[in-house]
Amino acid sequence: MLVPANLKFRWFLISAGVGVILTIIISAILTQVATSRLEHQVGSGLGEVAYQMSDKLERGMFERYRDMQVAATLIEQMSVREDYLSEIDAMLSMLQQSYPYYAWIGVTDTEGVVKVSTGGLLEGEDVSARPWFRQARDNYFIGDVHGALLLEQKLNPDSEQPLRFVDVAMPLHNKQGEYIGVIGSHLDWTWAEEMRASIAPSLENYDDAELLIVSSERLVLLGPPELREKPLPLNLSEQLRTNNYAVETWPDGNQYVTGYAETTGYREYEGPRWQILVRIPVSSAFEPIEALRVQVLWIGSGIALVLALVGWLSAERMARPLANINKRLEREMQERTAELQTTNARLEQLATTDSLTRLANRRALLVGAEAMMERAARKDMPLAVLMLDLDYFKKINDKYGHAAGDEVLESVGQLLSSTVRQIDIAARTGGEEFTILLEDSTLEGAVLVAERLVQRMQQLYFGADGESFNVTMSIGVTMWEPGERIDKTFARADAALYEAKQKGRNRVITA
Ligand SMILES: Nc1nc2c(ncn2[C@@H]2O[C@H](COP(=O)(O)OP(=O)(O)OP(=O)(O)O)[C@@H](O)[C@H]2O)c(=O)[nH]1
């Protein structure tokens, strides 16, 4: 048997469809897995870069702190000598040369008047109001980044970029341990830029990576120009603080994979708490995933194509059993439908036919009468009604038995069926009582039919108990009056029948 083409094509489509669905599922799973892996990889990488930056800042600050500590110890040694101020001057110059990011280093007396300083700047000036002086009288002081006040004019008169300093200061004592002043230094914050440049190689894979340093007062000290000197516009999530990385939505509405670290101090020194954030846009962090997705889709499409081809080649073999099943189902369906139709027809017949005489029953007569009256009224046709009853039928039953009676009734059924036309209705409406409706028939025509029936009945002979007998019938005939209820017509025919019985039976009476 040949497999229908559409079944084969369907099988092909199913195979291709399975391939496509598999591709979509695999692509979704792979993308999901790869995204979370990459997020972890990129995120922890950025966290590491942030940590490196914080470490560099801390170590740098620690070195400046140590510089000041060593300078303070040397000054303590020098304090016994007469011309110690010129020695300090020389030392401060050397210190500045050794580390050019020192914008200024100076030594004050106990009252905050600058006695010696690099480049002689601010010498003789009173700096007692400055935080670094006030706080370094008792202990070392490391301040957060701030603008230059007095030195801006002197050190940076023409630059558009204002100077930013970090202060490191130390109290000074003489050999006897008496407080003799403060050594203070201003570290040029561009130093942090250098730190950032030094970790740039770690970010070389990401062109659009950005590094932010945020002050203890949440000001962006270093970062993209649009954020610099402004409060950090991001609430650091718990995940970012604990994992050192997270995917964060920044105020520009974009998502960034963000790495995080903060400075905590180094050894005995405790400096300002800076937060370091390194971010790259999610789109560029997950760029490889896009490539992977495209790759998977290509491979998947290939698999789908192969599956479709296999499906096409195996369609004949796979679809044949399906076709067989289909065929069998169709055949069974047809058989069942035919059986059902036969049963329905039989049921319909049972419901409308008298089983003994095969004539219509009372119900079918009434239904048929309705249709006939409707036609008669519409086409203005006459409609005749005959009511028939066998004469002395009880006697037949009594004498020859019920079976013989049934035989008579059966013959009456045949007689009636063969005498009336197809369009007429002959019905058994009682035990030995029958009703006939003659469509488009006048009273005269109906009487003719009735008399023919009486005559033929008379000529029918039956045999029982070795005897031969015949049965007669009486008939009442009447016409349906247009608009009349049919039971009224039946009553009139019945009255005519009664009259026929009264007048001696075996006859036709009209009403
Ligand atoms: N064999 C048989 N007899 C039936 C059937 N239905 C009714 N009868 C009988 O038909 C007879 C009708 O009798 P009656 O109504 O007295 O009328 P009748 O004897 O024909 O007398 P008239 O009608 O006055 O001529 C009864 O004996 C019923 O038992 C049937 O299906 N089979």
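Our subject is the structure listed above.
From a predicted model like this one, the values you see are computed outputs, not experimental measurements.

Engineer: Looking at this structure, how should I read the overall build of the protein chain?
Structural biologist: When you go through the protein chain residue by residue, the secondary structure sums to 13 helices and 18 strands. Long-range contacts, defined as pairs at least 24 residues apart, comprise 62% of the intrachain contacts of the protein chain with a sequence gap of at least 6. Split by element, the accessible area of the protein chain, about 27,500 Å² in all, is 53% carbon and sulfur.

Engineer: Just checking my understanding: could you explain unusual backbone geometry for this structure?
Structural biologist: Outside of glycine, negative phi angles account for most residues, and trans bonds account for most peptide bonds. Despite not being glycine, L122 has its phi angle at roughly 70°, a positive value. Inspection of the secondary structure assignment puts L122 in the loop between β2 (114-117) and α3 (131-136). By relative accessible area, L122 is classed as buried at 5%. If you check the backbone angles, R505 has positive phi at about 70° while not being a glycine.

Engineer: What's the story with the packing of aromatic side chains in this structure? I'm lost.
Structural biologist: Aromatic rings in a pair are described by how distant their centres are and how their planes are angled relative to each other. Across all of its chains, the model carries 10 aromatic pairs by this definition. Ring geometry for F62 against Y65: centres 5.9 Å apart, planes inclined by 35°, an arrangement best described as tilted. One end of the pair, F62, and the other, Y65, are both in helix α1 (residues 5-78), 3 residues apart, so they sit about a helical turn from each other. Residue classification places F62 among the buried positions, given a relative accessible area of 6%. Through pairs of rings, three or more aromatic residues link up here, namely F62, Y65 and Y140. A cation sits over an aromatic face here: R64 above Y99, 3.5 Å from the ring centre.

Engineer: It is not clear to me how the site of the ligand should be interpreted in this structure. Could you clarify?
Structural biologist: Every one of the 16 residues lining the ligand counts as a neighbour, but Y392, F393, N397, D406 and R428 are closest to it. One of the side-chain N or O atoms of R505 is found 3.0 Å from an oxygen atom in the ligand. With the chains in place, 68% of the 660 Å² that the ligand exposes on its own is no longer accessible. Sorting the residues of the shell around the ligand by element identifies β12 (383-390), α10 (393-400) and α11 (402-419) as the ones contributing at least two each. Counting residues per element, the shell around the ligand draws most heavily on α11, at 4 residues. Looking at side-chain class alone, the shell around the ligand contains 4 nonpolar, 4 polar and 8 charged residues.

Each value, and the rule that gives it
- Residues numbered from 1 in each chain as written.
- Predicted model: local features only at pLDDT ≥ 70, side-chain atom pairs only at ≥ 80, totals over all residues.
- Heavy atoms only, no water.
- Helix = DSSP H or I, 4+ residues; strand = E, 2+ residues; numbered from the N terminus.
- Contact = heavy atoms within 4.5 Å.
- Areas by Shrake-Rupley, 256 points an atom, 1.4 Å probe, with all protein chains shown as cover.
- Buried < 20%, exposed > 50% of the residue type's maximum accessible area, 1.4 Å probe, protein only.
- Phe/Tyr/Trp six-rings, centres within 6.5 Å; stacked < 30°, edge-to-face > 60°.
- Lys NZ or Arg CZ within 6 Å of the ring centre and 35° of its normal.
- Near = heavy atom within 4 Å.
- Polar contact = N/O pair within 3.5 Å; in protein donor to acceptor, adjacent residues only side chain to side chain.
- Nonpolar A, V, L, I, M, F, W, Y, C, P; charged D, E, K, R; others polar.

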